[in-house]
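Here's the letter readout for the chains.
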Amino acid sequence: MSGGPAITLKSQPIDGNNSNSGNAAAQQQQSGNNAAAAASSSSSSQASSGTVPPAQEGTRQSSLQRIQQRKQKVFNLPEAQKLAKLSMYSACQFEGCRCTGWKTPQENRHRDVESSYCPEPSEECRNASCRHPLRSHISHLTEISRTSMDDLLGAIIDMENLFMSMQRVEDEDTKKVYLYLFRLLRQCVLTRQQAVIRGPLGDPPFESPCITKAVLSLVFYKYNHLNPTELQTMTEVAKTFLNFLNHYNFESPSARRGDATLTHDDASTYKINYTRWLVFCHVPAFCNSLRQFETSLVFGRTLLRTVFQNMSQQLKKKCISERDRFPEDKRSIITQMPKFLEALRAELLKDDSPIWDSTYRPPNSFVMQQRKRHQEVAPPATISAAGAAATSSSKRSTVGEPAHKRVKKEVAERVVSENLDDLPTDVVMRAMKSVSESKTTNKSEILFPVNVSRDENVKAEEQKRAIEFHVVGNSLTKSVDKQTILWLLGLQLVFAYQLPEMPREYISQLVFDTKHKTLALIKENQPIGGICFRPFPTQGFTEIVFCAVTMAEQVKGYGTHLMNHLKDYSIQRGIKHLLTFADCDAIGYFKKQGFSKDIKLARPVYAGYIKEYDSATLMHCELHPSIVNTQFIAVIRNQSEILKELIAQRHNEVQKVRTGLTCFKEGLPSIPVESIPGLREIGWKPQMRPVRASRPLEESTDPEKLATQFASVLQSVRQHTTAWPFLRPVTAAEVPDYYDHIKYPMDLKTMGERLKKGYYQTRRLFMADMARIFSNCRFYNSPDTEYYRCANSLERYFQTKMRELGLWDK
Amino acid sequence: MPLTAESAAQQIQDRLKDIQQHIHKVDNERRRAENSIASLVRAQQNPNPKLKTLLQSKILEATQEEATIRAALAKIHEIRNIRNERRIQARNAGNKEAIRRGALMKMVQLSAQTLPLFVGKPGERAPALCGAIPAESSYVAKVGDNVAALAKGIDEEENWILAEVVQFLHRQNKYDVIDIDEEQKDRHVLSKRKVIPLPLMRANPETDGHALFPKDTVVMALYPQTTCFYKAIVHRLPQTATEEYEVLFEDSSYLNGYAEPLPVAQRYVIAYRTTKKSAGSGSGNLSSA
């Protein structure tokens, strides 16, 4: 209407907002009260992001509190004052007026609507192009509900805080982001819409798997063999790490520019991720009108790789400095942290680490156990400002939470549906508990040390880090570190001593070949064993080339554990078959490791790829993708113990002495099993014999009909040209030693007699006698005899005849 | 008297309780001894006519403490014997548990680590069968004791194997021994000179260094993770009671004829004895591809 700015908000929001930012600034400046001070102090901590390390976690917490307090105060204002506050960011409703917010008249500029000032509806806007009364700025707002009004007011406060932060922050990139968010919020207040961030940044989550998932996978991958308490500690360490990450203030891209190791690509990727972090994770923590996402749930490996070094250093420092503030029982978290960080770093650097594989998934049982523990124990200790952070983060609603709950529900449902016919979980839990208890009070252990499973001792050593497993290999394209070369040399020696038949040059050639890798078993930094292998990803198999453990370390289970590691390694890379040419000494070992001479792979799959050896046997092992081989023995052992315990428990429950059965004395020959007292009470069910799919439906239950069919088969068999040796019983006169060897003679004449007597009540009896004729013959006679051939050919004929009548399986 | 698994477990349980009491007692006595030492120090500073009687009473206390510790050690020894007895009975009853090679090796290791340590009275020399001190020529190993036995394998080759005494046949002056490695199942009847009893006690290098083989002695040692003794040279002596020897086994596959130093427990290092065929290089069953 009046000659205001020609640019309208709607057509060009950016420019329009530009003029508004001045507006807001003016408003901020005029309100010199406590609330503004709070806002500015909050923004000061925001502004420090990127330039100052997050040393003042306390400040962060108190700013959050102050922001909350200010909001609460505004929410509690009388409605007129609230409307006045709103009016400052609401477009004038007067037709044709382009004013985007009511400005306090000159005389009242020093007064603050958030404290005592309550302008009259008639007071006019200071904007020269507007001059309309307050009323016309809020006429559209009188109908809105109290909650949506509070939402709007919350957004306004966030906006004002953002503006202050923007003023203070020095980093240009950060400033731009604040400005962008400020405009966004301003627009949302104006149009009364929910703030949604769209655009080139993309939508969270940005990477899969997210850091949380990968870190939990790491706990499983690295520490699942630990005992429950230690595993619990590592889980808490992981959670503490995630918590720290979620409250970590990332360096601004400009601060990282000095780092010469960063490539241009890295820098631009980091800039994008930094912006994402500001917009989706960091700023929303202070501005709750924006939706907040947890850093650890929306980012993945790329981001963590770039920030890990600095972040882990700070975390370590923090661990040291806050050590004494930690409760006694949580100290282990601090002591374990460096180890955990080291493990995570290693997995971050490995290109093929399983934890960053989106398909990697700890078994359900582990995930459920973790969840269960999570529910049982108090929220994980937070390194920073213990307590306060945890409560505030639990208040905030994040995307992570609903998703988390959904997954849990799914798991629970699946468990229910699977277990319809199963034991209740608490019964199983009870059994598991008593199994673990009985382990500590095992009596036989007093007598002799327990005969632990083959890999138990090895796993204990691995856990203590007395031994380590590494996959090493030579490379021509990348530089190979000295340690790897030393290990490869050591491995070459181990193979050379243990495999004296192999030419040394040949061993060196393969161990240092770039296509071959070696899974090394390292003890006191010396390789004491290993498996040299070559993966053929295109063929889906891995060839095992050498496999040896140094003499003095044999029979300790290292070989088994090495092979299990190789199996897991292969499975993680999608390889499901292991092949090897085993020499005669090695066949036993490979058999123990689940290899078989029966090759299930088609020859074209491996022929021409694998190195073939004379006088060695090709052996094959198929891998099951859902078995963790390094855990397999322990799992099976556990299951068997739990099962035994369940049986024992059930036994205790149902134990009862009953009076014996008298029916047999009274002359009954037999009774149905289910009529034995007590059987049904303990849950015995008559076994429903599954109908054999192969059983021909035509098979008659009518003995007469069966007898006719048998008679016709027998007749045909007798008339066959090769039936002559079997027509009559063999006599001792003809073959003196026959009955020394054959205990159950049979012939076609005897079968005819049996048939007449009605002996063949079922097909099986008939077939058994016929089979006996042939097996006797083949047992007594050698394969090159006429008799032997007769037996074979008559057997085939018999089968054909049976099939014709539908009496043969399949 | 048959020793059932239950009664053996019960007896061991009783001994363990006794040991616990002994440990408490030792603890008390040690505390008392500390006080005594303090009071002795004080008494020496201020000349005291009663110093002599004081010293006498303290010596008595120390003797008591020593007696308690020895009693506790005796109990531990008893447990070893009960276990051993039970094992022999179970074997004689024919229901020996099949144990895996790995477990067997572990037991071989454990029994060496838990071999009783000789703790002599002041001035006492280590007795026979402690560390490197050989048995007297008339000595006869007891049933259940471990020995090195020169036995013929399936291939008629003689090897010094780790074996256990089943009985001593006095009339023939021969041992009846059984191979520790159950996979072999062989019983051997061997003349006395083909059987060397293994040490029954460890020598403490800090107090009984004379009872150890000096460096560079040619010995026979159990090759780690096998049940055979081979010729070796002592490379390094144990420095403490729990340490093992380091020995160099003869091994022709190494350029200098000796393998890298390997650790072998005191129990499995014995004086070298020549055989007709000098023991060849170490060989065992290699599992290799």
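Residues numbered from 1 in each chain as written. Chains lettered and ligands numbered in written order. Predicted model: local features only at pLDDT ≥ 70, side-chain atom pairs only at ≥ 80, totals over all residues. Heavy atoms only, no water.

For chain B, an unreviewed UniProt entry supplies the name SAGA-associated factor 29 and the organism Drosophila hydei. Regarding chain B, the relevant UniProt record gives this comment under Subcellular location (unreviewed entry): "Nucleus". (UniProt positions renumbered as here; feature names shortened; annotations may be inferred.)

The name an unreviewed UniProt entry assigns to chain A is histone acetyltransferase, from the organism Drosophila hydei. Within the UniProt record for chain A, the comment given under Catalytic activity (unreviewed entry) is "L-lysyl-[histone] + acetyl-CoA = N(6)-acetyl-L-lysyl-[histone] + CoA + H(+)". Listed under Sequence similarities (unreviewed entry) in UniProt, the entry text for chain A is "Belongs to the acetyltransferase family. GCN5 subfamily."

Trainee: So what exactly am I meant to see when it comes to the overall build of chain A here?
Mentor: Along chain A, the regular secondary structure elements total 31 helices and six strands. Of all 810 residues assigned to chain A, the portion counted as buried reaches 46%. Across chain A, every contact between residues at least 6 apart in sequence was considered, and the portion connecting residues at least 24 apart equals 71%. Total accessible area computed for chain A in this model is approximately 42700 Å², and 54% of it derives from carbon and sulfur atoms. (Helix = DSSP H or I, 4+ residues; strand = E, 2+ residues; numbered from the N terminus. Buried < 20%, exposed > 50% of the residue type's maximum accessible area, 1.4 Å probe, protein only. Contact = heavy atoms within 4.5 Å. Areas by Shrake-Rupley, 256 points an atom, 1.4 Å probe, with all protein chains shown as cover.)

Trainee: Can you walk me through the overall build of chain B in this structure?
Mentor: The helix and strand inventory of chain B stands at three helices and 10 strands. Scanning chain B from its N terminus toward the C terminus, one meets helices and strands in the order α-α-α-β-β-β-β-β-β-β-β-β-β. Expressed as a percentage of the 289 residues in chain B, the buried residues total 40%. Of the contacts formed within chain B by residues at least 6 apart in sequence, a portion of 59% connects residues at least 24 apart. About 16300 Å² of surface is accessible on chain B, with carbon and sulfur atoms providing 54% of the total.

Trainee: What should I look at first to understand the pattern of salt bridges in this one?
Mentor: All told, the structure shown has 30 salt bridges over all chains when counted by the stated rule. Among the salt bridges present, the one from Asp598(A) reaches Lys600(A), with a minimum N-O distance of 3.9 Å. Judged by relative accessible area, Lys600(A) falls into the exposed class, the value being 59%. Residue Lys194(B) pairs with Glu158(B) through a salt bridge whose shortest N-O separation is 3.0 Å. (Salt bridge = Lys/Arg side-chain N within 4 Å of Asp/Glu carboxyl O.)

Trainee: Can you help me understand the sheet that holds strand β2 (residues 517-523) of chain A in this one?
Mentor: In any sheet, the strands associate via hydrogen bonds between backbone groups, in a parallel or an antiparallel arrangement. Residue and element names in this part refer to chain A. In spatial order, the strands read β1-β2-β3-β4-β5-β6; together these six strands make up an open sheet with mixed pairing. Looking at strand neighbours, the two that pair on one side only are β1 (467-472) and β6 (617-622), the edges of this open sheet. Taken over all neighbouring pairs, the strand axes of this sheet differ in orientation by 25 degrees on average, direction set aside. Bridge count for β2 against strand β3 (residues 526-536) is seven bridges, and the pairing is antiparallel. Across the sheet, the residue bridging to Ala520 is Gly530, located in β3. (Pairing = 2+ DSSP bridges. Axes fitted to C-alpha atoms, helices over the stretch in contact; angles between N-to-C directions.)

Trainee: What is the right way to read the UniProt feature "active site" (unreviewed entry) in chain A from this model?
Mentor: All names here are of chain A. In this structure's numbering, the residues bearing the UniProt feature "active site" (unreviewed entry) are Glu543. Following the sequence through the fold, Glu543 ends up in strand β4 (residues 541-549). Once residues within four sequence positions are removed from consideration, Glu543 is found in contact with Cys532, Phe533, Arg534, Phe536, Leu579, Tyr609, Ile610 and Lys611.

Trainee: Please explain the UniProt feature "coiled-coil region" (unreviewed entry) in chain B as it appears in this structure.
Mentor: As recorded in UniProt, the feature "coiled-coil region" (unreviewed entry) lies at residues 9-43 of chain B. Taken as a whole, residues 9-43 of chain B contains 100% helix and 0% strand, while its terminal C-alpha atoms sit 50 Å from one another.

Trainee: For this particular structure, what's the right way to read the nonpolar core?
Mentor: Within soluble globular proteins, side chains that are nonpolar tend to cluster in buried spots. Residues and elements named next belong to chain A. Counting 91 residues, the largest nonpolar core has Leu181, Phe241, Phe250, Leu290, Leu304, Phe340 and Leu344 as its most contacted members. Element by element, the count of residues in this core is highest for helix α6 (residues 146-168), at 10 residues. When residues of this core are assigned to domains, at least three fall in each of domain 1 (20-191) and domain 2 (211-373). (Core = buried A, V, L, I, M, F, W, Y, C linked by side-chain atoms within 4.5 Å. Domains from an automatic or database assignment.)

Trainee: Would you mind showing me how to read the packing of helix α1 (residues 5-45) of chain B against helix α2 (residues 51-92) of chain B here?
Mentor: In helix packing, the relevant descriptors are the interaxial angle and the interaxial distance, both defined with respect to the helix axes. All names here are of chain B. Axis separation between α1 and α2 bottoms out at 9 Å; the angle between their running directions is 160 degrees. Accordingly, the angle class assigned to the pair α1 and α2 is roughly antiparallel. Relative to α2, α1 is oriented so that their crossing is left-handed. Taken together, the residues that form the contact of α1 with α2 break down as 18 nonpolar, seven polar and 13 charged. (Parallel < 35°, antiparallel > 145°, perpendicular 65-115°, else oblique. Left-handed = near helix turned anticlockwise from the far one by under 90°. Nonpolar A, V, L, I, M, F, W, Y, C, P; charged D, E, K, R; others polar.)

Trainee: Explain the side chain of Asn146(B) here, please?
Mentor: By the secondary structure assignment, Asn146(B) is in strand β1 (residues 146-152). Discounting residues that sit within four places of it in the chain, Asn146(B) has contacts with Leu162(B), Ala163(B), Glu164(B), Ile180(B), Pro197(B), Leu198(B) and Arg267(B).

Trainee: Explain helix α23 (residues 558-572) of chain A to me, please; I cannot follow it from the model alone.
Mentor: Residue and element names in this part refer to chain A. Between its terminal C-alpha atoms α23 stretches 21 Å, which fits the 21 Å expected from 15 residues at 1.5 Å a residue. By the criterion of burial, α23 is predominantly enclosed, with 14 of the 15 residues buried. Just downstream of α23 lies Gly574, where phi reads positive at about 75 degrees. (Expected span 1.5 Å × (residues − 1).)

Trainee: Looking at this structure, I do not really get the pairing of β1(B). What am I missing?
Mentor: Both faces of the sheet carry side chains from a regular strand, because those side chains alternate between them. All names here are of chain B. Burial analysis of β1 places six of its seven residues in the buried class, which makes it a mostly covered element. Counting the residues in the hairpin turn of β1 and strand β2 (residues 158-169) gives five residues, including Glu156, whose phi is positive at 65 degrees. Where β1 meets strand β5 (residues 195-197), three bridges bridge the pair, whose relative direction is antiparallel. Residue Ala148 lies in a different strand from β5, and its bridge partner there is Ile196.

Trainee: Before we go on, may I ask you to explain the environment of Ser148(A) in this structure?
Mentor: Residue and element names in this part refer to chain A. Locating Ser148 in the fold gives a position in helix α6. For Ser148, a relative accessible area of 28% corresponds to the partly exposed category. For the pair Ser148 and Gln193, spaced 45 residues apart in the sequence, the C-alpha separation amounts to 10.0 Å.

Trainee: Can you walk me through the packing of helix α13 (residues 301-321) of chain A against helix α14 (residues 331-349) of chain A in this structure?
Mentor: All names here are of chain A. Two numbers describe how α13 lies on α14: the axes approach to 11 Å, and their chain directions differ by 160 degrees. Between α13 and α14, the interaxial angle falls into the category roughly antiparallel. For the pair α13 and α14, the crossing hand works out as left-handed. On α14, the residues touching Arg301, Leu304, Arg305, Phe308, Ser312, Leu315, Lys316 and Cys319 of α13 are Ile334, Met337, Pro338, Leu341, Leu344, Arg345, Glu347, Leu348 and Leu349. Tallied by class, residues from the contact of α13 with α14 come to 11 nonpolar, one polar and five charged.

Trainee: Hey, could you run me through the side chain of Thr306(A) in this one?
Mentor: Residues and elements named next belong to chain A. Looking at the element boundaries, Thr306 is found in helix α13. One polar contact links the side chain of Thr306 to the main-chain carbonyl oxygen of Thr302, over a distance of 3.3 Å. Non-local contacts of Thr306, meaning those with residues more than four positions away in its chain, are made with Arg256 and Tyr270. (Polar contact = N/O pair within 3.5 Å; in protein donor to acceptor, adjacent residues only side chain to side chain.)

Trainee: Is there a simple way to think about the packing of aromatic side chains in this case?
Mentor: The description of two aromatic rings rests on the distance between their centres and on the angle between their planes. Residue and element names in this part refer to chain A. In the structure shown here, the tally under the stated rule is 34 aromatic pairs over all chains. The interplanar angle of 35 degrees and the centroid separation of 5.2 Å between the aromatic rings of Phe206 and Phe299 together place this pair among those described as tilted. Separated by 93 residues along the polypeptide, Phe206 in the loop between α7 (172-191) and α8 (211-223) and Phe299 in the loop between α12 (295-298) and α13 bring together distant segments of the chain. Taking the relative accessible area as the measure of exposure, Phe206 reaches 17% and is therefore buried. Ring centres of Phe766 and Phe798 lie 6.1 Å apart, and the angle between their planes is 55 degrees; this geometry places the pair in the tilted category. Of this pair, Phe766 sits in helix α30 (residues 763-780) while Phe798 is found in helix α31 (residues 786-804), placing the two residues 32 residues apart along the sequence. The pair formed by Phe766 and Phe798 is uniform in burial state, with each residue classed as buried. Among the aromatic side chains, those forming a connected cluster through ring pairs are Phe244, Tyr248, Phe250, Tyr270, Tyr274 and Trp277. Directly above the ring of Tyr569 sits Arg573, whose terminal nitrogen or CZ lies 3.7 Å from the centroid. (Phe/Tyr/Trp six-rings, centres within 6.5 Å; stacked < 30°, edge-to-face > 60°. Lys NZ or Arg CZ within 6 Å of the ring centre and 35° of its normal.)

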